Amino acid sequence: MAAAGAAAATTNAAMRWAAGGWSLFIAENLILSENRTWLIQQLGDEGYHGLYGTLSTVAMGSVAYGYRYKVRGAGPFAFAPGTRPSPPALAASFVLQALALGMASQSAPKLQIPVELVSGGRDDNCS
């Protein structure tokens, strides 16, 4: 039964676009990062960064295209129009969003005032 669900998910065009664009992006980053030194020797620093930027743009463009034209509003990513999510789905979404917001709040840098306040006695040179 699970195999049938997995097969149906991989044959769904929306699922292929959703997973395919991100897979392309991850593979591109992995391949270019692992071969960075060799690619810089072959292409130079500007050539490497140009290649990296171009491939990243293409990969993220495929993600944007897939979401805009293929995935948005398509199952299994959305509930049927006019229906309400089940209480377990709402509870799971609340817990996952709270967890994600908690993790995101920990990634921000510490807020600091960029001046130093020195406390001390009166300066003898001031009148």
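Residues numbered from 1 in each chain as written. Predicted model: local features only at pLDDT ≥ 70, side-chain atom pairs only at ≥ 80, totals over all residues. Heavy atoms only, no water.

Tell me about the overall build of the protein, and name the residues and values.
A tally of regular secondary structure across the protein gives four helices and zero strands. Secondary structure elements of the protein occur, N-terminal to C-terminal, as α-α-α-α. Per-residue burial for the protein yields a buried fraction of 11% across its 127 residues. Partitioning the intrachain contacts of the protein with sequence separation of at least 6 by distance along the chain shows that 61% fall at a separation of at least 24. (Helix = DSSP H or I, 4+ residues; strand = E, 2+ residues; numbered from the N terminus. Buried < 20%, exposed > 50% of the residue type's maximum accessible area, 1.4 Å probe, protein only. Contact = heavy atoms within 4.5 Å.)

So, the confidence of the model for the protein: which residues are in play, and what are the values?
Per-residue confidence for the protein gives a mean pLDDT of 81, with 79% of residues at or over 70. Looking at the elements of the protein, mean pLDDT is at its lowest for helix α1 (residues 2–11), recorded as 59, and at its highest for helix α4 (residues 87–107), recorded as 92. (pLDDT = per-residue confidence, 0-100.)

A description of helix α2 (residues 13–34) should follow, citing residues and the corresponding values.
For α2, built from 22 residues, the straight-helix expectation of 32 Å at 1.5 Å per residue is met to within 8% by its first-to-last C-alpha distance of 31 Å. Packed against the buried residues of α2 are α3 (36–71). (Expected span 1.5 Å × (residues − 1).)

So, the environment of Leu90: which residues are in play, and what are the values?
Along the polypeptide, Leu90 turns up in helix α4. Apart from residues lying up to four places away in sequence, Leu90 is in contact with Arg84 and Pro85.

Hey, could you go over α4 for me, with residue numbers and the actual values?
Helix length check: α4 (21 residues) gives 31 Å between terminal C-alpha atoms against 30 Å at 1.5 Å per residue, within 8%. Burial analysis of α4 places just zero of its 21 residues in the buried class, which makes it a mostly uncovered element.

Explain the side chain of Ser56 to me, using residue names and the numbers behind them.
For Ser56, the position within the fold is in helix α3. The buried category is assigned to Ser56, whose relative accessible area is 15%. With residues near it in sequence (within four places) discarded, Ser56 still touches Phe25 and Glu28.

Just give me the short version of the packing of α2 against α3, but keep the residues and values in it.
Each pair of packed helices gets described by two things: the angle between the helix axes and the distance between those axes. At a closest axis distance of 9 Å, the pairing of α2 and α3 adopts a crossing angle of 170°. Classed by the angle they form, the pair α2 and α3 counts as roughly antiparallel. Here the contact of α2 with α3 is composed, by residue class, of 17 nonpolar, six polar and four charged. (Axes fitted to C-alpha atoms, helices over the stretch in contact; angles between N-to-C directions. Parallel < 35°, antiparallel > 145°, perpendicular 65-115°, else oblique. Nonpolar A, V, L, I, M, F, W, Y, C, P; charged D, E, K, R; others polar.)

Summarise the packing of aromatic side chains; cite the residues concerned and give the values.
One pass over the full model with this rule turns up three aromatic pairs. An angle of 65° between the planes, with centres 5.7 Å apart, marks the rings of Tyr48 and Tyr52 as edge-to-face. Highlighted residues: Tyr48 and Tyr52, both in helix α3, separated by four residues, approximately one helical turn. Of the two residues, Tyr48 and Tyr52, both sit in the buried class. Arranged with centres 5.1 Å apart and planes meeting at 40°, the rings of Tyr65 and Tyr69 form a pair that is tilted. With Tyr65 and Tyr69 both in helix α3, this residue pair falls four residues apart, about one helical turn. We classify Tyr65 as partly exposed; its relative accessible area is 36%. (Phe/Tyr/Trp six-rings, centres within 6.5 Å; stacked < 30°, edge-to-face > 60°.)

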